[in-house]
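# Inside the fold
Residues per chain are reported as follows:
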Amino acid sequence: MKAINYLFAALGIAAAFSSCRNKADDSQMIKPETKPTVKIASVSVESVDQLQVYSAIVEGDVRNNIAPSSPSRIDRILVEVGDNVKRGQKLVQMDESNLHQLALQIQNQEVQFSRTDELYKVGGVSKAEWDNVKMSLEVNRTAYNNLLTNTQLVSPIDGVVTARNYDNGDLYSGQPVLVVQSISPVKLLINVSEQFFSRVSLNDPVTVELDAYPGEQFAGKISLIYPAIDAASHTFPVEIKVTNADRRIRPGMYARATLNIGTEQHVVVPDIAIVKRAGSGDRFVYVYENGRVSYTKVELGQRMGDRYELVSGISDNAEVVVAGQNKLVDGLEVDVQRVNDGSK
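Residues numbered from 1 in each chain as written. Predicted model: local features only at pLDDT ≥ 70, side-chain atom pairs only at ≥ 80, totals over all residues. Heavy atoms only, no water.

## Considerations on the overall build of the protein
Helix and strand counts for the protein stand at three helices and 19 strands. Residues classed as buried in the protein amount to 32% of the 344 residues present. Within the protein, residue pairs in contact and separated by at least 24 positions form 72% of the contacts whose partners lie at least 6 positions apart. (Helix = DSSP H or I, 4+ residues; strand = E, 2+ residues; numbered from the N terminus. Buried < 20%, exposed > 50% of the residue type's maximum accessible area, 1.4 Å probe, protein only. Contact = heavy atoms within 4.5 Å.)

Here is the structure:
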């Protein structure tokens, strides 16, 4: 009987020891909850240049379509695409058959008028007859000069040939035979939002960049502002001139024109502070205040190197999280490490 009692006592002691050990293990496994540590930076309002970028295609300052006034056969085209031409230079020779016929007719009329004039001087013909012969001669001379202009096609400007639509012997049928453009200067035509109508002026400087010359910038200026707003698009056309003295810029090149329409006071934050919400285009910033972070939606302006202008969202001198955002949810308490400025 005593043996049985000893057995139960031993089992009780073992169970008590096991229970104490399990409690000790459980207490070791429960770790105290810790707050995440994030880096924050103070941000402030700055004067930010308001830059607007517009795409455009380069055009010649002047564009001339070289063509006769009526259908005719092309005898010879004397230039090729890419050739530089001078004002008054002959570019195309059209068929001269009609011109030769009219020249012969004028020669005959001149002989007839000479005879009529002699007779008129001695009273052999009336003034009316003399006037009719004279008028007929003058009409044909005018027609000859017009036909000559449309038979020998010349360039009205100094420029470069940018298009050729026919070959020798073709019948002109509507399209210009050649296109000549003046390329010094060149121009861009952009459509600017009506909200900026009062913020652009003639001769405002414009920075122009071209895909053909990566990394280079060309100086332009506003040369013309159209006075009417398009009711459908709520934009107005603006013309920009670029001097192009070295003729490196050519019509048809793709360009981007940057206009500075003034400065505005906006908060500027490091780009690493911006958080994108998955599945949407919204952008957010974690703002730190009173030991907690709040998930704040912002409206981005322009990128400025490694910083962003904010059009709206947070106030001046706010503190924003710049590292450790992946640990955060809205309203979470955090420990913070402040950085010296808003760029890190």
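The discussion continues.
## Some thoughts on the packing of aromatic side chains
Taken as a whole and judged by the stated rule, the model has seven aromatic pairs. Ring geometry for Phe-284 versus Tyr-295: centroids 4.3 Å apart, planes at 10°, classification stacked. In this pair, Phe-284 sits in strand β15 (residues 283-289) while Tyr-295 sits in strand β16 (residues 292-304), placing the two residues eleven residues apart along the sequence. What makes Phe-284 buried here is its relative accessible area of 5%. Chaining the aromatic ring pairs together yields one cluster made of Phe-113, Tyr-120 and Trp-130. Above the plane of the ring of Tyr-213 lies Arg-248, whose end atom (NZ or CZ) is 4.2 Å from the centre. (Phe/Tyr/Trp six-rings, centres within 6.5 Å; stacked < 30°, edge-to-face > 60°. Lys NZ or Arg CZ within 6 Å of the ring centre and 35° of its normal.)

## Structural notes on the pattern of salt bridges
Counted according to the given criterion, the structure contains 19 salt bridges. Notably, a salt bridge pairs Glu-319 with Arg-338, separated by 2.9 Å at the nearest N-O pair. Note that Glu-319 is positioned in strand β18 (residues 319-323) and Arg-338 in strand β19 (residues 335-338), a separation of 19 residues in sequence. Owing to a relative accessible area of 51%, Arg-338 belongs among the exposed residues under this scheme. Through salt bridges with shared partners, one network takes in Glu-110, Lys-134, Glu-138 and Arg-141. (Salt bridge = Lys/Arg side-chain N within 4 Å of Asp/Glu carboxyl O.)

## A closer look at helix α2 (residues 97-121)
Over its 25 residues, α2 runs 36 Å from end to end, which matches the ideal 36 Å to within 8%, given 1.5 Å per residue. Those residues of α2 not exposed but buried are Leu-99, Leu-102, Ile-106, Gln-109, Phe-113, Thr-116 and Asp-117. On its buried face, α2 is in contact with α3 (127-149). (Expected span 1.5 Å × (residues − 1).)

## Side note on the nonpolar core
Counting residues in hydrophobic clusters, the biggest one holds 27 residues, and the most contacted among them are Leu-210 and Leu-259. Those elements that provide at least two residues to this core are β2 (44-57), β9 (178-193), β10 (205-210), β11 (218-225), β12 (235-242) and β13 (254-270). Of all the elements, β9 adds the most residues to this core, at five residues. Apart from residues lying up to four places away in sequence, Leu-210 is in contact with Val-58, Phe-218, Ile-249, Met-253, Tyr-254 and Ala-255. (Core = buried A, V, L, I, M, F, W, Y, C linked by side-chain atoms within 4.5 Å.)

## Focus: the sheet that holds strand β6 (residues 90-94)
Taken in spatial order, the three strands make up an open sheet running β4-β6-β7, and their pairing is antiparallel. The open sheet has two free edges, formed respectively by β4 (74-77) and β7 (152-154), since each of these has just one partner strand. Shown here is a sheet whose adjacent strand axes are inclined to one another by a mean of 20°, direction ignored. Pairing analysis gives three bridges linking β6 to β7, with the strands arranged antiparallel. Bridge pairing in β7 places Gln-93 opposite Gln-152. (Pairing = 2+ DSSP bridges. Axes fitted to C-alpha atoms, helices over the stretch in contact; angles between N-to-C directions.)

## Digging into the environment of Ile-66
You can see Ile-66 is positioned in strand β3 (residues 59-66). Expressed as a C-alpha distance, the spacing of Ile-66 and Asn-150, which sit 84 residues apart in the sequence, is 9.9 Å. Discounting residues that sit within four places of it in the chain, Ile-66 has contacts with Leu-91, Leu-153, Val-154, Pro-156, Pro-176, Val-177, Leu-178 and Val-180.

## Details of a nonpolar patch on the surface
Among the surface-exposed residues, Leu-189, Leu-224 and Tyr-226 lie close enough to one another that they form a single nonpolar patch of about 230 Å² accessible area. With respect to the helices and strands, the residue Leu-224 is situated in strand β11. (Patch = residues over 30% accessible without salt bridge, like charges linked within 9 Å, V, L, I, M, F, W, Y side chains within 5 Å. Areas by Shrake-Rupley, 256 points an atom, 1.4 Å probe, with all protein chains shown as cover.)

## Let's talk about the pairing of β9
Direction of pairing for β3 relative to β9: antiparallel, over a ladder of seven bridges. Bridge pairing in β9 links Asn-65 to Val-179. With four bridges joining them, strand β8 (residues 159-164) and β9 adopt antiparallel strand pairing. Within β9, the residue paired with Val-160 across the bridge is Gln-181.

## Topic: α3
In this model, α3 (23 residues) spans 33 Å end to end at C-alpha, consistent with the 33 Å of a helix rising 1.5 Å per residue. Looking at the buried side of α3, the elements it contacts are α2.

## So, unusual backbone geometry
The step from Ser-184 to Pro-185 runs through a cis peptide bond, and the omega angle for that step is 10°. On the secondary structure map, Pro-185 appears in strand β9. Although it is not a glycine, Asn-317 sits at a positive phi angle of roughly 65°. The topology assignment puts Asn-317 in the loop between β17 (307-312) and β18.

## Details of the side chain of Thr-116
Summarising the element assignment, Thr-116 is placed in helix α2. By relative accessible area, Thr-116 is classed as buried at 11%.

Note that every value here comes from positions in space, so none of it alone points to a role or purpose.
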